[in-house]
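Residues per chain are reported as follows:
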Amino acid sequence: MVTKRAVRAIVIKDNKLLAMKRNKFGMQYYTLIGGGVDSGEDLETALRRELREETGLEVGAVQLVFVEDAGDLYGEQYVFTCEYQGGEPQLTAASEEAAISALGQNTYQPVWLALADLSQVTFRSNSVRQALMDSLQQGFPTEPIQLAFQA
């Protein structure tokens, strides 16, 4: 069986984290921007594609900092820090997320989330949220850290 792979972006600007605010049939939470890696696609290419599709943003240098085994449902999550270069996030009209959001009950909204609020919001992966909060205090790892998924 082929393990699913996905990429996630940590983009920070002015003490705010770029996040996807989700309202999935009444369940509200935040997640990092990202998505599935296509067959034959390398991780960095997938990361840049997902950022463009979901926010319209381009980023500079990227660094893999966390790998999370999120089980059969989500697979391996590769989490990168990304250098913010400019622009304001908005769903690309042609994206799958925009089409789903247009239906109204399962919405996606890219937002800048204050880092100070990170500990108080519902985040899709508590293990990524905790690793992110720890890294904001202690610095991001220079080698990727393996995380165990915690919903």
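Residues numbered from 1 in each chain as written. Predicted model: local features only at pLDDT ≥ 70, side-chain atom pairs only at ≥ 80, totals over all residues. Heavy atoms only, no water.

### Brief notes about the environment of Thr122
- Tracing the backbone through its elements, the reader meets Thr122 in the loop between β6 (106–114) and α4 (126–138).
- In this structure, the C-alpha to C-alpha distance between Thr122 and Ala151, residues 29 residues apart in sequence, is 9.7 Å.
- In contact with Thr122, other than residues within four places in its own chain, are Gln28, Tyr29 and Tyr30. (Helix = DSSP H or I, 4+ residues; strand = E, 2+ residues; numbered from the N terminus. Contact = heavy atoms within 4.5 Å.)

### Topic: the environment of Lys24
- Inspection of the secondary structure puts Lys24 in strand β2 (residues 16–24).
- Expressed as a C-alpha distance, the spacing of Lys24 and Arg48, which sit 24 residues apart in the sequence, is 25 Å.
- Beyond its immediate stretch of four places on either side in the chain, Lys24 contacts Tyr29, Gln105 and Asn106.

### Description of the side chain of Thr31
- Residue placement: Thr31 occurs in strand β3 (residues 27–36).
- On the accessibility criterion, Thr31 (15% relative accessible area) is buried.
- The residues contacting Thr31, other than those within four sequence positions of it, are Ala19, Met20, Arg22, Phe123 and Arg124. (Buried < 20%, exposed > 50% of the residue type's maximum accessible area, 1.4 Å probe, protein only.)

### Re unusual backbone geometry
- For Asp14, which is not glycine, the phi torsion reads 50 degrees and is therefore positive.
- Summarising the element assignment, Asp14 is placed in the loop between β1 (5–13) and β2.
- A relative accessible area of 64% places Asp14 in the exposed class.
- One non-glycine residue, Phe25, adopts positive backbone phi at about 55 degrees.

### Concerning the packing of aromatic side chains
- Following the criterion strictly, the structure yields two aromatic pairs and no others.
- When the ring of Phe66 is compared with that of Phe140, the centres are 6.5 Å apart and the planes differ by 50 degrees; the resulting orientation is tilted. Of this pair, Phe66 sits in strand β4 (residues 59–69) while Phe140 sits in the loop between α4 and β7 (145–148), placing them 74 residues apart in sequence.
- Under the relative-accessibility criterion, Phe140 is labelled partly exposed at 28%.
- For Arg22, the ring lying beneath its charged end belongs to Tyr108, and the centroid distance is 3.7 Å.
- The aromatic ring of Tyr29 is capped on one face by Arg124, whose charged end is 6.0 Å from the ring centroid. (Phe/Tyr/Trp six-rings, centres within 6.5 Å; stacked < 30°, edge-to-face > 60°. Lys NZ or Arg CZ within 6 Å of the ring centre and 35° of its normal.)

### Details of the pattern of salt bridges
- Evaluation of the coordinates by the stated rule reveals seven salt bridges.
- A salt bridge links Glu41 to Arg49, with the shortest nitrogen-to-oxygen separation between them at 2.8 Å. In terms of burial, Glu41 and Arg49 fall into one category: buried.
- Residue Glu58 is joined to Arg52 by a salt bridge in which the shortest nitrogen-to-oxygen separation is 3.5 Å.
- Among the residues examined, Arg52 registers a relative accessible area of 36% and is labelled partly exposed.
- Members of the salt-bridge network, linked through shared partners, are Asp38, Glu41, Arg49, Glu50 and Glu53. (Salt bridge = Lys/Arg side-chain N within 4 Å of Asp/Glu carboxyl O.)

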